[in-house]
Amino acid sequence: KEYPKDKTIYQLFDEQVLKTPNNIALVYEQQQLTYTELNAKANQLARYLQSQTVINPDTIVALCLDRSLEMIIGILGILKAGGAYVPIDPEYPAERISYILEDTETELVLTQSHLVERLQKITDVNLIELDSDCYQDQETANLSIQNKSTDLAYVIYTSGTTGKPKGVSVEHTAIVNRVLYMIKFSDISYLDTYVFKTNYVFDVSVSDVFSHISAGANIIITKYTFSLSELKKLLNLEKITSIHLVPSQYDLLVNYINKSNINKIYFSGEKLTKKIIDRIPKKIASYNYYGPT
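Every value quoted in this text rests on a predicted model; they were computed, and no experiment measured them. (Residues numbered from 1 in each chain as written. Predicted model: local features only at pLDDT ≥ 70, side-chain atom pairs only at ≥ 80, totals over all residues. Heavy atoms only, no water.)

Structurally, His244 is set in strand β11 (residues 242-245). Separated by 3.4 Å, the side chains of His244 and Asp208 make a polar contact. Not counting the four nearest positions on each side in its chain, His244 is found in contact with Tyr194, Lys197, Val204, Asp208, Gln249, Tyr266, Phe267 and Ser268. (Helix = DSSP H or I, 4+ residues; strand = E, 2+ residues; numbered from the N terminus. Polar contact = N/O pair within 3.5 Å; in protein donor to acceptor, adjacent residues only side chain to side chain. Contact = heavy atoms within 4.5 Å.)

Right, dumping it as structure tokens:
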């Protein structure tokens, strides 16, 4: 299929902000941001990052964050500044964090105040606390486009089960291709409220986030990557319309999903069996993604 090969992934987001400026983009616990507010914060952060170091295309900036609104603000801010992001799980062993920071030669790590002390013991790279007011005085308007579509968007490190972890580098055009396909195939729109529970160090998180914020949907960020009690509570309370599950997770949540407002389930990570498909109510559309690779 044809797709715009000259666009960056943050251009898709910028275009959506103009279409649904007042829609809720992100919700995390008691906090929320509209598309306009998320865009403004990302633009402010992008300008602040440019003031802290030289960011050229393919410049890598690291994130070491717990789940939060800042996680998405940080990703968008790095991209809008013209760089590429590398996500790091704060739960990683110190040795692995140190290795990724050295391997990427990054000069900045976006983090949160409660993680600073631990990171200072691991690295002397400049730490930027996204839960502080460090970038709030910057201009909120969109920056000029900093990248070509063939520039790097992100680097995600493999698990490193055989030797040292390797960074997999992905360009903007590849994400744009994937995201536009997912939006069309899955009929994602501003009417969707999506549960985002993937760890941002996995590639599924990229398509999870961008296929929804490029379509005007509302993303509910979970506090945990998979907590049965949290998901049961969300399914009871929130008007959630879509969720991404490994097939075996459906069995754990089936009773709550069937009583909820869910109308779409995306499956990946395991073989989707006929036994599971037969249990899904007709009111729910199911999509078998396998994996983004």
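We now examine the environment of Pro4. Summarising the element assignment, Pro4 is placed in the segment before α1 (9-19). By relative accessible area, which is 28% here, Pro4 ends up partly exposed. Counting along the chain gives 97 residues from Pro4 to Leu101, while the straight-line C-alpha distance between them is 33 Å. If we ignore the near neighbours within four places in the chain, the residues touching Pro4 are Val176 and Leu180. (Buried < 20%, exposed > 50% of the residue type's maximum accessible area, 1.4 Å probe, protein only.)

It is worth spelling out the packing of helix α6 (residues 172-185) against helix α7 (residues 204-213) at this point. Packing of α6 against α7 leaves a shortest axis separation of 9 Å and a crossing angle of 60°. Here α6 and α7 pass one another in a crossing that is right-handed. Residues Ile175, Arg178, Val179, Met182 and Ile183 of α6 pack against Val206, Ser207, Phe210 and Ser211 of α7. (Axes fitted to C-alpha atoms, helices over the stretch in contact; angles between N-to-C directions. Left-handed = near helix turned anticlockwise from the far one by under 90°.)

Applying the stated criterion to the full structure yields ten aromatic pairs. Geometrically, the ring pair formed by Tyr85 and Tyr154 is tilted, given 5.8 Å between the ring centres and 40° between the ring planes. Here the residue Tyr85 occupies a position in strand β4 (residues 84-88), and Tyr154 occupies one in strand β7 (residues 152-157), the gap between them amounting to 69 residues. With respect to burial, Tyr85 and Tyr154 carry one shared label: buried. (Phe/Tyr/Trp six-rings, centres within 6.5 Å; stacked < 30°, edge-to-face > 60°.)

For the rest of this paragraph, the subject is the pairing of strand β13 (residues 285-290). Where strand β12 (residues 264-268) meets β13, five bridges bridge the pair, whose relative direction is parallel. Paired with Ser268 across the strands is Tyr290, a residue of β13. (Pairing = 2+ DSSP bridges.)

Mapped onto the elements, Ile97 comes out in helix α4 (residues 94-104). You can call Ile97 buried: its relative accessible area is 1%. Spatially, the C-alpha atom of Ile97 lies 8.7 Å from that of Leu119, the residues being 22 residues apart in sequence. Excluding residues that lie within four positions of it along the chain, Ile97 makes contacts with Ile88, Asp89, Pro90, Tyr92, Arg118, Leu119 and Ile122.

This next bit is on the pattern of salt bridges. Under the defined criterion, the tally for this structure stands at seven salt bridges. Close ionic contact of Glu15 with Lys7 constitutes a salt bridge, the shortest N to O distance being 2.7 Å. By relative accessible area, which is 22% here, Lys7 ends up partly exposed. Ionic pairing is found between Asp251 and Arg279, a salt bridge with its closest N-O pair at 2.5 Å. Residue Asp251 is found in helix α9 (residues 247-259), and its partner Arg279 is found in helix α10 (residues 274-279); the two are separated by 28 residues along the sequence. We classify Arg279 as partly exposed; its relative accessible area is 39%. (Salt bridge = Lys/Arg side-chain N within 4 Å of Asp/Glu carboxyl O.)

Take it as geometry only, folks, not as evidence of what the structure does.
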